[in-house]
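Examination of the molecular architecture
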Amino acid sequence: MLQQLPTSLSVPKPSSSLHFLPTNKKTKSSPIIIPSIKNGKRMSNSIRALVSLGDNTIIPSNAQRHKIDPKWRGGFSCGVDLGMSRTGIALSKGFTIRPLTVLELRGEKLELRLLQIAEEEEVDEFIVGLPKSADGKETPQSNKVRSVAGRFAVRAAERGWRVFLQDEYGTSMEALDFMIDMGVKKSARQGKLDAYAAMMVLQRYFSSSGERTELVLPKQLELQEKLRRGPPKDLDFFPEELDA
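Residues numbered from 1 in each chain as written. Predicted model: local features only at pLDDT ≥ 70, side-chain atom pairs only at ≥ 80, totals over all residues. Heavy atoms only, no water.

1. Comments concerning helix H6 (residues 186-207)
A maximum bend of about 60° is found in H6 at Lys192. Ser209, located one to two residues past H6, shows a positive phi value of around 55°. (Bend = angle between axes of the 7 residues up to and from the residue. Helix = DSSP H or I, 4+ residues; strand = E, 2+ residues; numbered from the N terminus.)

Structure, rendered in structure tokens:
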């Protein structure tokens, strides 16, 4: 049983318009991370957020699904603040975002624990914080996070779950300020900071309606198909599927 950390945020209302990416026809086994530059021109954040699989099917994030169809049901998101030795986890369920826990795991053990949490919490997407500098440029740590996210995206896709990257610059400071404002004692802040930083990653993701994310897309066609279909629907939320 996970120890749930106190305090939550409200999911911001979505805004802005959506765009679509052209088909990527590469088929090698390593993951695709949608680039920010195409044909020598920088692509807008919103264009990078959605990916076509060649049959006019897109793979939107949960934030984008809610924007496209306010009546859409389902879609729980897991925020991940990756660190060298500690990884913060946060959850978005319904209209609240809350810190969940901090994991002191690395490598395969971390990946398997994330999958276990997703099963327990009915998560179907992961929003992973991507370290960047103040001017928006990537850092050596960015490459490490991309590598971890790429490996994990393959495991997640086997279950129909998506992995997105979200700029996390400044989220640790935002988390610290939030904890101070909420009255979290100084002695408790360090042990909880990573989870609150993950919560800030989710808050930023929803504030932009998911349009500033990058989908980590496995190149295996069978995994792309699983992402297209998505995870099995929860019949508690979709009782009409019983009659299908």
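Moving on, there is more to tell.
2. A closer look at the environment of Leu112
With respect to the secondary-structure elements, Leu112 resides in helix H3 (residues 107-121). Sequence separation of Leu112 and Arg155 is 43 residues, and the distance between their C-alpha atoms is 8.8 Å.

3. Overview of the pattern of salt bridges
Tallied over the entire structure, the rule returns 14 salt bridges. With a shortest N-O distance of 2.9 Å, Arg204 and Glu174 are connected by a salt bridge. In this pair, Arg204 is assigned in helix H6 and Glu174 in helix H5 (residues 171-181), connecting sequence segments 30 residues apart. Residue classification places Glu174 among the partly exposed residues on the basis of a relative accessible area of 34%. Each of Glu108, Glu111, Arg151 and Arg155 takes part in salt bridges that share partners, so that together they form one network. (Salt bridge = Lys/Arg side-chain N within 4 Å of Asp/Glu carboxyl O. Buried < 20%, exposed > 50% of the residue type's maximum accessible area, 1.4 Å probe, protein only.)

4. Digging into the packing of H3 against helix H4 (residues 140-157)
Close contact between H3 and H4 brings their axes to 11 Å; oriented N to C, the two are set at 40°. Our pair here, H3 against H4, has a crossing hand that is right-handed. For the pair H3 and H4, the contacting residues are Glu108, Glu111, Leu112, Leu114 and Leu115 in the first and Arg151, Phe152, Arg155 and Ala156 in the second. (Axes fitted to C-alpha atoms, helices over the stretch in contact; angles between N-to-C directions. Left-handed = near helix turned anticlockwise from the far one by under 90°. Contact = heavy atoms within 4.5 Å.)

5. Points about the packing of H5 against H6
Following both chains from N to C, one finds H5 and H6 inclined at 115°, their axes separated by 8 Å at the closest point. The angle between H5 and H6 places the two elements in the roughly perpendicular class. At the point where H5 passes H6, the crossing takes the right-handed sense. In this structure, H5 contributes Thr171, Ser172, Glu174, Ala175, Leu176, Phe178, Met179 and Ile180 to the contact, and H6 contributes Ala188, Arg189, Lys192, Leu193, Tyr196, Ala197, Met199, Met200, Val201 and Arg204. (Parallel < 35°, antiparallel > 145°, perpendicular 65-115°, else oblique.)

These figures capture arrangement, not role.
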